[in-house]
Amino acid sequence: SLPNVNPDAGFGMQVSIDEDLKDSREVSFQAALLYTSSKGERRIRVHTLCLPTSNSLQEIVQGADQQCIVGLLAKMAVDRSLNASIYDAKEAFINACIDIISRWRMVQCANQPGALLVSPNLSLVPLYILALLKSFAFTQRSGVPLDERTMSMINMKCLPLTGLIQSMYPDLYRVDQLEKVKTIEDEEGILIPDPDRIQLSAENIAMSGVYLMDLGDIMYLYLGKVTSSFFCEKIFGVSKVMDVDENLLDLPELDNEDSERLRALIHHLNNKKSHPVPIKIVRDDSNQRHLFISMLIDDRSQASYSYYELLQQLKSEIK
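A quick note: this is a predicted structure, and the numbers were derived from the prediction, not measured.

**Q** Looking at this structure, I do not really get a negative patch on the surface. What am I missing?
**A** Judged by side-chain charge, Asp18, Glu19, Asp20 and Asp23 come together as a negatively charged surface patch. Positionally, Asp20 belongs in the segment before strand 1 (26-36).

**Q** What's the story with helix 7 (residues 229-236) in this structure? I'm lost.
**A** Along an α-helix, residues three or four apart share an orientation, since each turn contains 3.6 residues. Inspection of helix 7 places Phe231, Cys232, Ile235 and Phe236 among the buried residues, and these make up the whole buried set. Taken around the axis of helix 7, the buried residues stretch over an arc of 100°, which confines them to a single face. Looking at the buried residues of helix 7, the elements they touch are strand 6 (210-214), strand 7 (219-223), helix 8 (257-270) and strand 8 (279-283). With its phi angle positive at about 75°, Gly237 sits one or two positions after the end of helix 7.

**Q** Help me out: how do you make sense of the environment of Ala202 in this one?
**A** Inspection of the secondary structure puts Ala202 in the loop between strand 5 (191-193) and strand 6. Taking C-alpha positions, Ala202 is 9.4 Å from Ile297, a pair spaced 95 residues apart along the chain. If we ignore the near neighbours within four places in the chain, the residues touching Ala202 are Leu296 and Asp299.

**Q** Explanation requested: the pairing of strand 2 (residues 42-52) in the structure shown.
**A** In regular strands, side chains alternate between the two faces of the sheet. Pairing geometry for strand 1 and strand 2, over eleven bridges, is antiparallel. Bridge pairing in strand 2 links Val27 to Leu51. Adjacent in sequence and paired antiparallel, strand 1 and strand 2 are bridged by five residues, among which Gly40 carries a positive phi angle near 85°.

Procedures and definitions
Residues numbered from 1 in each chain as written. Predicted model: local features only at pLDDT ≥ 70, side-chain atom pairs only at ≥ 80, totals over all residues. Heavy atoms only, no water. Patch = residues over 30% accessible without salt bridge, like charges linked within 9 Å, V, L, I, M, F, W, Y side chains within 5 Å. Areas by Shrake-Rupley, 256 points an atom, 1.4 Å probe, with all protein chains shown as cover. Salt bridge = Lys/Arg side-chain N within 4 Å of Asp/Glu carboxyl O. Lys, Arg positive; Asp, Glu negative; His and termini not counted. Charge placed at Lys NZ, Arg CZ, Asp CG, Glu CD. Helix = DSSP H or I, 4+ residues; strand = E, 2+ residues; numbered from the N terminus. Buried < 20%, exposed > 50% of the residue type's maximum accessible area, 1.4 Å probe, protein only. Arc of directions from axis to C-beta. Contact = heavy atoms within 4.5 Å. Pairing = 2+ DSSP bridges.

Laid out in structure tokens, this is it:
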């Protein structure tokens, strides 16, 4: 039983199939929630999902949801960390990657030396696994506070899937050149900048750039070491990047197009969440620079390898 469930919670379950499904064209899943409303009324909500069956392993793999798989693996890894050890959980992550790649190679009957073959809809699983390995919940980096590790594990167990994925592999945008990017219309017909997402690697970070990183429950606005005085004046009303106040939790509402564009983008991202989140200003010359740098998942870190190194390890372990 769950004594308290909020609308933003997410749960994962494993279902075992005891019967032979070869004569069934579809299977149905049903979940019922018995709850008490805020007015004291007892209610029941029923969800039913009907899915087709297949005897083709290739169709099953191609229909897999990589984010859902990673979300379930994260929840299972938390349980394994508590019942065994974090090392066992990390080993299970690597084994899951190996199993996914090995099964697809078996399905395709392919054996290309030096290549990692994986279904396109599961191609990001190794990257998400790397993000989990670098998270506070599973990192073996020294100096991680127990409170931070505990909070990260609780989030793994309870966050909705979209929030979990965004917290471990954030969305990154360059925002100092929004006047050059394509735009989209919101529900009110207002044009919103729509910059491309950037891979989380330092090689994509320019010293003169400004980047918005959305982690779901907070946003980092990273100011490069040589951010232009023009941007600082238009967005913050100061002439130098070193004069930008890092204690700001929101952007100043200045009367110019550049400020309006950036604030419109942030407002658009917040509209996708259950509640607006604060903004953390991070200057390249500040002692909080590590908050941004530590989320560049693709790069090598103190206690973990880079994305490239992970792929090389997987390649060496797949027979």
